[in-house]
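As a plain string of letters, each chain reads:
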Amino acid sequence: LVTATDVVKYWQNVFETNGIPEARESSEYILAFVLGAKTFQSLNSKSLHTPLTAVQQEQIQQLSNKRLERMPVQYVLGEWDFQDLTLKMRPPVFIPRPETEDLVSLVVQEESQKCQKNSGLCFPVSVPHPVILEIGCGSGAIALSLLCKLPQSRVIAVDKEKAAVDLTRENAHRLQLQERIHILHHDVSYNSAKQLLLWGPTDFIVSNPPYVFHEDMASLDAEILRYEDLDALDGGDDGMRVIKTILALAPSLLKDSGSVFLEVDPKHPNMVENWLQAHPNLLLVLRAVHKDFCGK
């Protein structure tokens, strides 16, 4: 008889032998998923020591074989959690990284500070209904998290890849957020302003754009290179190809009090500052740089 504990040990060993990164975690995630749990740690000792059925063993075998092909666990399971939301995942749509949760928190923080400032005024101010634009929505992780955290908000989410637009739409419906989001299949360029001003000027532009320097692309993990949309990562020679487009568009999209939130490479803040100084007509100021929880 084979138990959960046996299976985790067995596949961890197979993964290690085959040089699969995060062998133990991969094995635990797959087992937990098949047993209907979020994490291995959340399984009680009864579940861990109950013999697995033939069907469960077969399922684990199939998923583990995908992992052996270096498929990321998120794609193997077909779902992943981001900011308390469970989102469907499908290759090649970009997998949201945990540090991007920090980007969402910064936007939420900024919006709540704006509300506090307004509530300090003597005359009644209408409840803010922020309009947020997300450029490069991928699976919808950022857009849908913001809709959940800011119940008054509406989001326009844009991606140039149809697979991403479809996945964001699917995730929005699963979370019943489709009424507050407008999802556009569109490749953002310097003349995109008209298409993006559906709901008037925006309060926030948020993006986790492609920002990897082109020369660093080849050294990314096999999981990324084989399965993820590399266009969602490759920022060109200076890593700023899409960042520059977003900044150049920002003045024609934002309200006067609006802000842009970008996730970038640690080398980028200085480069962004220099670029903005070279383009004073944009009237944009680099206001703050935050490190993520990895210290980057």
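Residues numbered from 1 in each chain as written. Predicted model: local features only at pLDDT ≥ 70, side-chain atom pairs only at ≥ 80, totals over all residues. Heavy atoms only, no water.

Asks: Describe the side chain of Gln83, and please don't skip the residues or the numbers.
Replies: Its place among the elements puts Gln83 in the loop between strand S1 (79-82) and strand S2 (85-88). Assessed through its relative accessible area of 10%, Gln83 is described here as buried. At 3.0 Å, the side chain of Gln83 forms a polar contact with the backbone oxygen of Glu101. In this structure the side chain of Gln83 is engaged in a polar contact, spanning 3.0 Å, whose partner is the side chain of Lys149. Apart from residues lying up to four places away in sequence, Gln83 is in contact with Glu101, Val104, Ser105, Ser145 and Lys149. (Helix = DSSP H or I, 4+ residues; strand = E, 2+ residues; numbered from the N terminus. Buried < 20%, exposed > 50% of the residue type's maximum accessible area, 1.4 Å probe, protein only. Polar contact = N/O pair within 3.5 Å; in protein donor to acceptor, adjacent residues only side chain to side chain. Contact = heavy atoms within 4.5 Å.)

Asks: Account for helix H2 (residues 23-34), with residues named and values stated.
Replies: Here H2 spans 17 Å end to end across 12 residues, near enough to the 16 Å set by a 1.5 Å rise per residue. Every buried residue belonging to H2 is among Ala23, Ser26, Ser27, Glu28, Ile30, Leu31, Ala32 and Val34, and all of these are buried. As for H2, its buried residues are in contact with helix H1 (4-17), helix H4 (54-68) and helix H5 (73-77). Directly after H2, the chain includes Gly36, whose backbone phi takes a positive value near 80°. (Expected span 1.5 Å × (residues − 1).)

Asks: Tell me about the side chain of Thr202, and please be specific about residues and values.
Replies: Along the chain, the position of Thr202 falls in strand S6 (residues 202-207). With relative accessibility at 1%, the residue Thr202 sits in the buried group. Every residue in contact with Thr202, bar those within four places of it in the chain, is listed here: Val131, Leu133, Leu253, Leu254 and Lys255.

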